[in-house]
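Each chain, letter by letter, is given below.
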Amino acid sequence: MSHCRRCPRLVAWREEVARTKRAAFADETYWGRPVPGFGPADAALLIVGLAPAAHGANRTGRMFTGDRSGDVLYQALYDIGLASRPTATAADDGLTLYGVRITAPVHCAPPANKPTPQERDNCRPWLVDELRLLAPTLRGAVVLGTFGWQAVLPAFAAAGWHVPRPRPAFGHGARTTLRGEPGALDLFGCFHVSQRNTFTGRLTPAMLREVLSDAATAAGLPVRPKRPR
Ligand code: SF4
């Protein structure tokens, strides 16, 4: 996957950003390629975002690593005992996830964080492959935002789960159970950890911890008692 060039617009953008860089990272070598899922291949819980950020994952080569969205997500995972550290700064920073994997339905950074429906569909086979890899152990998923929700349902269907019709609607706190050949899986909706949501308080750390805790518990992972912050 790291050599995929199926989306010409995204290939051009990820490489242009890697060439021109942001001034603060001028002396770094950007990843500038598709960003793979991060976390163990036998995870019980999957977190699904949107796409790599231009100067975050597209720079560091690891999902949600090196930007403000990732700061919020990894702090929450650390708070409930599912990550070894509260920060994610570089692919070699030693961060380990416990029973959790993080991925996105689009693996290359899109301009303005907005992939097209065609680009989402182009990238679906990679997500389906990842779901098939995880299927023997996967029991829960948290989807961050509407785009991810709409992208992931057909991928779950292609990987062997039964997705009800009409499709379950996205919402913060939405919860539905998918059944099928790989076993039952609880799917949770959560507002995206974007700066727009976290800066405005639409998504607070407590709200994020609550959804992640509920999903981890449903997936059979041990969760540390929530710490008020
Ligand atoms: S977004 Fe997905 S399908 Fe498109 S070029 Fe990147 S890895 Fe390939």
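Residues numbered from 1 in each chain as written. Predicted model: local features only at pLDDT ≥ 70, side-chain atom pairs only at ≥ 80, totals over all residues.

Draft legend 1. View of the overall build of the chain. What the chain contains, in helices and strands, is seven helices and six strands. Helices and strands appear in the chain in the N-to-C order α-β-α-α-β-α-β-α-β-β-β-α-α. Here the C-alpha atoms of the chain give a radius of gyration of 17 Å, agreeing with the 17 Å that 2.2 N^0.38 yields for 229 residues. Dimensions of the chain, computed from C-alpha atoms along their principal axes, come out at roughly 45 × 40 × 30 Å. Across the 229 residues in the chain, those meeting the buried criterion constitute 49%. Counting only contacts in the chain whose residues sit at least 6 apart along the sequence, the fraction spanning at least 24 positions is 66%. (Helix = DSSP H or I, 4+ residues; strand = E, 2+ residues; numbered from the N terminus. Rg over C-alpha atoms; globule rule 2.2 N^0.38 Å. Buried ≥ 20, exposed ≤ 12 C-beta atoms within 10 Å, placed from the backbone. Contact = placed C-beta atoms within 7 Å.)

Draft legend 2. Molecular detail of the site of the ligand. As a matter of local geometry, the ligand sits amid 15 residues, with Cys4, Cys7, Pro34, Cys108 and Cys123 nearest to it. Elements with a minimum of two residues in the shell around the ligand: α1 (8-20) and α4 (117-134). For the shell around the ligand, the leading source of residues is α4, giving four residues. Taken together, the residues of the shell around the ligand sort by class into ten nonpolar, two polar and three charged. (Near = placed C-beta within 6 Å. Nonpolar A, V, L, I, M, F, W, Y, C, P; charged D, E, K, R; others polar.)

Draft legend 3. Region of the structure containing unusual backbone geometry. In this structure, Pro166 follows Arg165 across a cis peptide bond, with omega equal to -5 degrees. Inspection of the secondary structure puts Pro166 in the loop between β4 (161-162) and β5 (175-180). Phi angles above zero are rare outside glycine, and Phe64 is one such case at about 55 degrees. A positive phi angle, near 55 degrees, is found at Ala112, a position not held by glycine. Considering the arrangement of structural elements, one finds Ala112 in the loop between β2 (100-103) and α4. Taking the number of C-beta atoms within 10 Å as the measure of exposure, Ala112 has 7 and is therefore exposed.

Draft legend 4. A look at the sheet that holds strand β3 (residues 140-144). Reading across from one edge, β2-β1-β3-β6-β5-β4 is the order of the six strands in this open sheet, with mixed pairing throughout. Two strands in the sheet have a free side with no partner beyond their single neighbour: β2 and β4. One ladder, built from four bridges, connects strand β1 (residues 45-48) with β3; its direction is parallel. Within β3, the residue paired with Ile47 across the bridge is Val142. Helix α5 (residues 146-158) rests against β1, β3, β4, β5 and β6 (185-190) of the sheet, and its axis sits at about 145 degrees to β3. Its contacts with the sheet place helix α7 (residues 205-218) against β1, β3 and β6, and it is angled at close to 175 degrees to β6. (Pairing = 2+ DSSP bridges. Axes fitted to C-alpha atoms, helices over the stretch in contact; angles between N-to-C directions.)

Draft legend 5. Layout of the pairing of β3. In terms of burial, β3 is a largely internal element, five of the five residues being buried. Residue alternation in β3 divides its side chains into two sets, Gly140, Val142 and Leu144 and Ala141 and Val143, and both sets are buried. As defined by bridge partners, β3 adjoins β6 across five bridges and the pair is classed as parallel. When the sheet's bridge partners are listed, Val143 is paired in β6 with Gly189.

Draft legend 6. Region of the structure containing the packing of α4 against α5. Orientation of α4 relative to α5, taken along the N-to-C sense of each, is 50 degrees, at an axis distance of 9 Å. Here α5 runs oblique to α4, going by the angle between their axes. Between α4 and α5 lies a crossing whose hand is right-handed. Two secondary-structure elements touch here, α4 through Arg120, Arg124, Leu127, Val128 and Leu131 and α5 through Ala151, Pro154, Ala155, Phe156 and Ala158. Grouping the constituent residues of the contact of α4 with α5 by class yields eight nonpolar, no polar and two charged. (Parallel < 35°, antiparallel > 145°, perpendicular 65-115°, else oblique. Left-handed = near helix turned anticlockwise from the far one by under 90°.)

Draft legend 7. Geometry of the UniProt feature "domain: Uracil-DNA glycosylase-like" (unreviewed entry) in the chain. UniProt marks residues 36-212 with the feature "domain: Uracil-DNA glycosylase-like" (unreviewed entry), using the numbering shown here. Helix makes up 34% of residues 36-212 and strand 15%, with an end-to-end C-alpha separation of 21 Å. (UniProt positions renumbered as here; feature names shortened; annotations may be inferred.)

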